[in-house]
Amino acid sequence: MGDPKFDNDPSAKVRPEEGLLRMRKKLGLYANIRPTYTFDSLMDKSPIKRSIIEGTDLVFVRELTGGIYFGKRGRKDNNNFAFDTCEYSKEEIIRLAKIGFELSLKRSKKLCCIDKANVLESSRLWRETVQSMEKEYPDVQVSYEFVDAVAMRLIQNPSSYDVLITGNLFGDILTDEASVISGSMGLMPSASVGLKTSIYEPIHGSYPQAKGKNIANPLATILSASMMFEGSFGLIEESELIKQVVSDSITKKIVTGDLSGNDKFYSTEEVGSWICKELKKDKYYLSSSLSIFFFKSANASISPRVDLSTVSFLVVDLVFFLGSFISFLKVAECDITILLKSLLNSITLNSASSPLFKELPSSLMVCFFGTKALNSSFKKIEPPLSEIDSNENL
């Protein structure tokens, strides 16, 4: 992914992006959530003036499995005519918009719907659908803007936005534009949310030029793990702890070359090791709070009945889940015994339909991807109990 030999060859019959799009479709990852915020010590590294970007804290919610990337396409007239079709159903728009509305309720209750309704029929459906949903969220102030206007205002006044929802193509372009506000694409995390599975990853994609050089910025990957803790497990305090340590590393200039300017810079491994060291200071807090979370989850039964085939599937998921999560706990030198005892003492067949089990198919994927990402940043971490490559789990 991102290799120039593919980017510069429009005639290539097989492209890496095809695998990414297929993965999103197969896993049902219909919503991409991308935050953009600023760090005070890095504002001068942004290409935009400090006075303009100060206070920026916005979130894009981009539709990820529809639109022009998945519509009908082809060539005709001896390859001299090409077409791509942008298609959306009302149901696809509703499920994406719901995430935007609910997210805005947790923030400043402002939602912006981005489209091109003055030209595109698919955008008119977007606007009609979102307008019809306003009555369900009376506390949310909704605005509607054309994509070209938003592209301009993101540079002129980014702090005026809070939650923004849009289609696949517009979201792809605007989120990359927004990413430079913070000063580096290597800083921002993201979540791709699906019906049963979620994946957390940095927004910057691949960086083939840095392969084997130990220079890549690991902070976005680490912040993606923080986002996973909050989004999939509801571990708000643990998530905030990771974010605070990352912020401290930036303030104290323990950063890679892309953020250091003329100051001393550190390798990927050195930045990761420093963050590990800081997390270890809170190891007892992490250990106790995580074990309490699992204990409560495992004991909160929803239904007294559970299909045995489902139980066997979930047991397999649990093995992977534990292996992945234990790897993270080792980063902070948590007492894994507490976690294991809580699980073994509280998980029974009757509680197999508890929230913990219910979330396992989703949690497995995010934990596995999250831990794989952490392992790439922290070389001293032991790998998950499962040595299966993440690509093989798709």
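Parameters at a glance
The numbering scheme is per chain: residues are counted from 1 as the chain's sequence reads. Per-residue local features are limited, in this predicted model, to residues with pLDDT of at least 70; the limit for side-chain atom pairs, both in listing and counting, is 80 or more; totals at the level of whole chains, interfaces and linings are taken over all residues. For side-chain calculations, the full set of non-hydrogen atoms in the structure is used, while hydrogens and water are omitted. Secondary structure elements follow DSSP: runs of H or I of four or more residues count as helices, runs of E of two or more count as strands, with numbering from the N terminus. Think of it in three bands: residues with accessible area under 20% of the maximum for their type are buried, residues over 50% are exposed, and the middle band is partly exposed, with areas taken using a 1.4 Å probe on protein chains only. In this analysis, two residues are considered to be in contact whenever any of their non-hydrogen atoms come within 4.5 Å of each other. Using a 1.4 Å probe, the Shrake-Rupley method yields the accessible areas, and only the shown protein chains count as cover for residues. Only buried residues count toward a nonpolar core, which is a set of Ala, Val, Leu, Ile, Met, Phe, Trp, Tyr and Cys residues joined through side-chain atoms within 4.5 Å. Pairing between strands requires that DSSP locate at least two bridges from one strand to the other. Any Lys or Arg side-chain nitrogen found within 4 Å of a carboxyl oxygen on Asp or Glu counts as a salt bridge. Cysteine sulfur atoms are paired as a disulfide whenever they come within 2.5 Å of each other. Working rule for helices: expected span equals 1.5 Å times residues minus one. Here a polar contact is taken to be a pair of N or O atoms separated by no more than 3.5 Å, where protein atoms must pair a possible hydrogen donor with a possible acceptor and residues adjacent in sequence count only if both atoms sit in side chains. Each axis is a line fitted through C-alpha atoms, and for a helix only the stretch in contact is used; angles between axes span 0 to 180 degrees, taken between their N-to-C directions. Each Phe, Tyr or Trp ring, with Trp reduced to its six-membered ring, pairs with another whose centre is within 6.5 Å; inter-plane angles below 30 degrees give stacked pairs, above 60 give edge-to-face pairs, and intermediate values give tilted ones. Each residue carries a pLDDT score, the predictor's confidence in it, ranging from 0 to 100.

Regarding the overall build of the protein
(1) Moving on: In terms of helices and strands, the protein carries 15 helices and nine strands.
(2) Moving on: Out of the 394 residues belonging to the protein, those deemed buried represent 50%.
(3) Moving on: The long-range share in the protein, meaning contacts at least 24 apart out of those at least 6 apart in sequence, stands at 73%.
(4) Moving on: With an accessible surface of roughly 19600 Å², the protein has 54% of that area assigned to carbon and sulfur atoms.

Some words on the nonpolar core
(1) Moving on: Counting 51 residues, the largest nonpolar core has Phe101, Val130 and Ile275 as the members making the most contacts within it.
(2) Moving on: Looking at which element gives the most residues to this core, the answer is helix H8 (residues 219–233), with seven residues.
(3) Moving on: The contact partners of Val130, leaving out residues within four places of it in the chain, are Ile93, Ala97, Phe101, Cys113, Val142, Tyr144 and Ile165.
(4) Moving on: Met43, Val147, Leu164 and Phe170 belong to the second largest nonpolar core, which has 16 residues in total.

Details of the pairing of strand S3 (residues 73–76)
(1) Moving on: Note: S3 against strand S4 (residues 81–84), four bridges, orientation antiparallel. Paired with Gly74 across the two strands is Phe83, which belongs to S4.
(2) Moving on: Where S3 folds back onto S4 in an antiparallel hairpin, the turn is made up of four residues, including Asp77, whose phi is positive at roughly 55°.

Observations regarding the pattern of salt bridges
(1) Moving on: Across all of its chains, the model carries 15 salt bridges by this definition.
(2) Moving on: In this structure, the salt-bridge partner of Arg73 is Asp84, at a minimum N-O distance of 4.0 Å. Within this pair, whereas Arg73 is found in strand S3, its partner Asp84 is found in strand S4, the two being separated by eleven residues in sequence.
(3) Moving on: Judged by its relative accessible area of 48%, Arg73 falls in the partly exposed class.
(4) Moving on: For Asp84, a relative accessible area of 47% translates into the label partly exposed.
(5) Moving on: The shortest N-O distance in the salt bridge between Glu145 and Arg153 comes to 2.6 Å.
(6) Moving on: Judged by its relative accessible area of 26%, Arg153 falls in the partly exposed class.
(7) Moving on: Sharing partners across several salt bridges, the network here consists of Asp40, Asp44 and Arg50.

What to know about the state of the cysteines
Disulfides are covalent bonds that connect the sulfur atoms of two cysteines.
(1) Moving on: In this structure the tally under the stated criterion is zero disulfides.
(2) Moving on: Not part of a disulfide, Cys112 finds its nearest cysteine sulfur in Cys113, a span of 7.2 Å.
(3) Moving on: Take Cys112: its relative accessible area is 3%, and that puts it in the buried class.

A look at helix H11 (residues 268–280)
(1) Moving on: In a regular helix each residue adds 1.5 Å, so 13 residues correspond to 18 Å; H11 covers 19 Å between its end C-alpha atoms and thus fits that length.
(2) Moving on: Listed as buried for H11 are Thr268, Val271, Gly272, Trp274, Ile275, Cys276, Glu278 and Leu279.

Quick word on the side chain of Arg62
(1) Moving on: Turning to its location among the elements, Arg62 is positioned in strand S2 (residues 57–63).
(2) Moving on: Polar side-chain contacts of Arg62 include one of 2.8 Å to the side chain of Asn168.
(3) Moving on: Sequence-distant contacts of Arg62, defined by excluding residues within four places in its chain, comprise Arg24, Tyr30, Ala31, Asn32, Arg34, Tyr69, Leu96, Thr166, Gly167, Asn168, Gly171 and Asp172.

What about the sheet that holds strand S5 (residues 110–115)?
(1) Moving on: The sheet built from seven strands is open, its strands ordered S6-S5-S7-S2-S1-S8-S9 with mixed pairing. A single partner strand is all that each edge strand has here, and the edge strands are strand S6 (141–146) and strand S9 (198–202). Taken pair by pair, the neighbouring strands of this sheet meet at an average axis angle of 20°, ignoring direction.
(2) Moving on: Pairing geometry for strand S1 (residues 29–37) and S2, over seven bridges, is antiparallel. Its bridge partner being in S2, Pro35 is matched across the sheet by Val59.

Some thoughts on the pairing of S9
Each regular strand displays side chains that alternate between the two surfaces of the sheet.
(1) Moving on: Counting buried residues along S9, four of its five residues qualify, which places the element largely inside the surrounding structure.
(2) Moving on: Across five bridges, the pairing between strand S8 (residues 189–194) and S9 is antiparallel. Each residue of the ladder has a partner; that of Pro189, found in S9, is Pro202.
(3) Moving on: Linking two consecutive strands that pair antiparallel, namely S8 and S9, is a turn of three residues.

A word on the packing of aromatic side chains
(1) Moving on: Counted under the stated rule, the structure contains three aromatic pairs.
(2) Moving on: Considering the side-chain rings of Phe101 and Tyr137, the 4.4 Å spacing of their centres and the 5° angle between planes classify their relative orientation as stacked. Of this pair, Phe101 sits in helix H4 (residues 90–105) while Tyr137 sits in the loop between helix H5 (121–133) and S6, placing them 36 residues apart in sequence.

Description of unusual backbone geometry
(1) Moving on: Even without glycine at this site, Asp77 takes up a positive phi of about 55°.
(2) Moving on: Asp77 gets classed as exposed once you look at its relative accessible area, which sits at 52%.
(3) Moving on: Its identity is not glycine, yet Asn214 carries a phi of approximately 60°, on the positive side.
(4) Moving on: Take Asn214: it is sitting in the loop between S9 and H8.

Some thoughts on the confidence of the model for the protein
(1) Moving on: Overall, the predicted model of the protein reaches an average pLDDT of 75, with 67% of residues at or above 70.
(2) Moving on: Note that residues 287–394 has pLDDT below 50 and, in this model, 165 contacts with residues that lie over four places away or in other chains.

So, H8
Side chains that are three or four residues apart share a direction in an α-helix, a result of its 3.6 residues per turn.
(1) Moving on: Compared with the 21 Å implied by 1.5 Å per residue over 15 residues, the 21 Å span of H8 between its first and last C-alpha is a close match.
(2) Moving on: Counting buried residues along H8, 13 of its 15 residues qualify, which places the element largely inside the surrounding structure.
(3) Moving on: Looking one or two residues past H8, Gly234 carries a phi angle of roughly 65°, positive in sign.

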